[in-house]
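# Architecture at a glance
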Amino acid sequence: MNPTPRTPASTRAVAARDWEHRAGELGDGLPTGFEVAVATSAFQIEGAARDGGRGDSVWDSFSQRSGRIRDGSNASVSADHIKNYEADAAILRDLGVDAYRFSLGWTRLQPEGRGPLNRNGLAFYDRLLDALLADGIRSTATLSHWDLPAALRGGWLNRDTAGRFADYAHAVGEAFGDRVDAWVTLNEPATVTTRGYALGTHAPGRTLLFDALPSAHHQLLAHGLAVQGLRAADVRGRIGLVNSHTPVQSATDRDQDRSYAALYDLLQNRLFADPVLLGHYPDPLEPFAVELRTLLEADPADLRTIQQPLDFYGLSYTGPARIAAGATVLKAPDGQPIPVTSWPFHLEPFREHPTTSTGNVNAPEYVAVALAELAERYPDLPPVYLSLTGGAFWDQADARHQVHDPARIDYLAEHLVAALDATAVGAPAAAVDLAGVAFWSLLDGFEWDDGYTQPTGLVHVDFADDRRTRTPKSSYRWLQHALTNR
């Protein structure tokens, strides 16, 4: 609970080394068979919000609300991937990755979140999958990356939504099950519950605090039902989910800080991993038994459904958290306070480490802590795929239309090398079968409540250009070189 990780020498490189050097360093250290992927999500890059019968998601509605998106933007066009998918497939081919993790837009395939699949949506993903197959790129399809159909009233607070998701999973499995290599049911349900239903900084913008816990249970139930639905559709691909994991420490040794750190660990990590991997919720912490009563009320039959056998487990990592007692001060991107009764704890900064432009702590050594906690808590863990999601650094094209992003190269390289070090023979997390990594992300896109202010892509997208011109960054060249030389 109060980890003090060591800093392996191999993970702390001098900043801004030339990308060829960093590529050689990475390429030489990738294990045989280790899968390297890049990732995107439908809502963030697809655009074409009104084309082909697509329905509104909760993020369409949320981004129209004043003050909710930092730059006042929306994702109605974004990177316009719908029109540029062939160019993007060529970018993937030239990059040389093993796999591409993308999400299927639920509202593009089921505009109302129920009923038959939309013909136009099916046709688009058919074309995308065929393009990937033609280039020898394996596909990992995420069923839901936060774009819940707005027509599903109550959203994840409504138990019926889990059943709708199961129907959608089965239908999509029947449509694409012969071509998708891996399936992710849900992406980071903890973020949806915490930011979407508890604090209101993400869609759908609810501010329920502990009363948001039913949204966690219904997402997990939806995951279990979706696994059953995919297997009933006889899909050939592997099935898993992606949970976010955050190493947590208390700001001091005071009992109150330690108690709130344990609570944060439960809410952020164990609440979403324990039912999937162990078949039960974590025991509610005594000081918070009333607030966490939802965990005790869970139907045992639901828990059996949630604990489906998995082919892999995705670990999404952005950095550690340091917790202290005292209310959280919440503000919307426009600086206005969010009307919510706050959590009784808050995040303290890691002043000893730099941060990304979104404030995520840039401390690669904590990847080892996250992996070691997985190994300790979940002895029957399936193969793990690491999703590195913290690479937001402000970068712009120069006068020659080149984009140099050495900070992103250092971030991604150091975090991956730290993960490989941590899972090597004799290391603390050696029991973890680290099977691959997915770098976030392929393209600059709509970064949720940050809009277009926080680019995360290996490829720059010019949002001022109607053609949405793509320009590979130095980080793209770094990864391309590393994959060529592994």
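Everything in this summary refers to the structure shown in the same document. (Residues numbered from 1 in each chain as written. Predicted model: local features only at pLDDT ≥ 70, side-chain atom pairs only at ≥ 80, totals over all residues. Heavy atoms only, no water.)

## A word on the nonpolar core
Nonpolar side chains in soluble globular proteins generally cluster together in the buried interior. Counting 141 residues, the largest nonpolar core has Val38, Trp59, Leu104, Leu143, Trp183, Phe439 and Leu479 as the members making the most contacts within it. Top element by residues in this core is helix H10 (residues 255–277). It accounts for 11 residues. For Trp59, the residues in contact, after removing those within four places along its chain, are Phe43, Ile69, Trp146, His202, Ala203, Phe446, Trp448 and Asp449. Of all hydrophobic cores here, the second largest spans 6 residues; its members include Ala182, Val184, Val242 and Ala435. (Core = buried A, V, L, I, M, F, W, Y, C linked by side-chain atoms within 4.5 Å. Buried < 20%, exposed > 50% of the residue type's maximum accessible area, 1.4 Å probe, protein only. Helix = DSSP H or I, 4+ residues; strand = E, 2+ residues; numbered from the N terminus. Contact = heavy atoms within 4.5 Å.)

## Topic: helix H7 (residues 160–176)
For H7, with 17 residues, the first-to-last C-alpha span of 25 Å sits near the 24 Å given by 1.5 Å per residue. Along H7, the residues classified as buried are Thr161, Ala162, Phe165, Ala166, Tyr168, Ala169, Val172, Gly173 and Phe176. Taken down its axis, H7 places every buried residue within 165° of arc, on the same side. The exposed set on the far side of H7, more than 90 degrees from its buried face, consists of Asp160 and Glu174. (Expected span 1.5 Å × (residues − 1). Arc of directions from axis to C-beta.)

## As for helix H4 (residues 81–95)
For H4, with 15 residues, the first-to-last C-alpha span of 17 Å runs short of the 21 Å given by 1.5 Å per residue. Most pronounced at Ala87, the bend in H4 amounts to some 40°. Restricting attention to buried positions, one finds in H4 the residues His81, Ile82, Asn84, Tyr85, Asp88, Ala89, Ile91, Leu92 and Leu95. At the C-terminal side of H4, Gly96 shows a positive phi close to 90°. (Bend = angle between axes of the 7 residues up to and from the residue.)

## Some thoughts on the sheet that holds strand S10 (residues 384–388)
The strands making up a sheet associate through backbone hydrogen bonding, with each pair oriented either parallel or antiparallel. The strand order S1-S2-S3-S4-S5-S7-S10-S11 describes a closed barrel built from 8 strands, whose pairing is parallel. Across the sheet, the axes of successive neighbouring strands diverge by a mean angle of 25°, strand direction being ignored. The pairing of strand S1 (residues 35–39) with strand S11 (residues 434–440) spans 5 bridges and is parallel. Paired with Val38 across the two strands is Phe439, which belongs to S11. Running over the sheet, helix H8 (residues 189–198) touches strand S4 (182–187) and strand S5 (238–244) and is turned about 35° from S5. (Pairing = 2+ DSSP bridges. Axes fitted to C-alpha atoms, helices over the stretch in contact; angles between N-to-C directions.)

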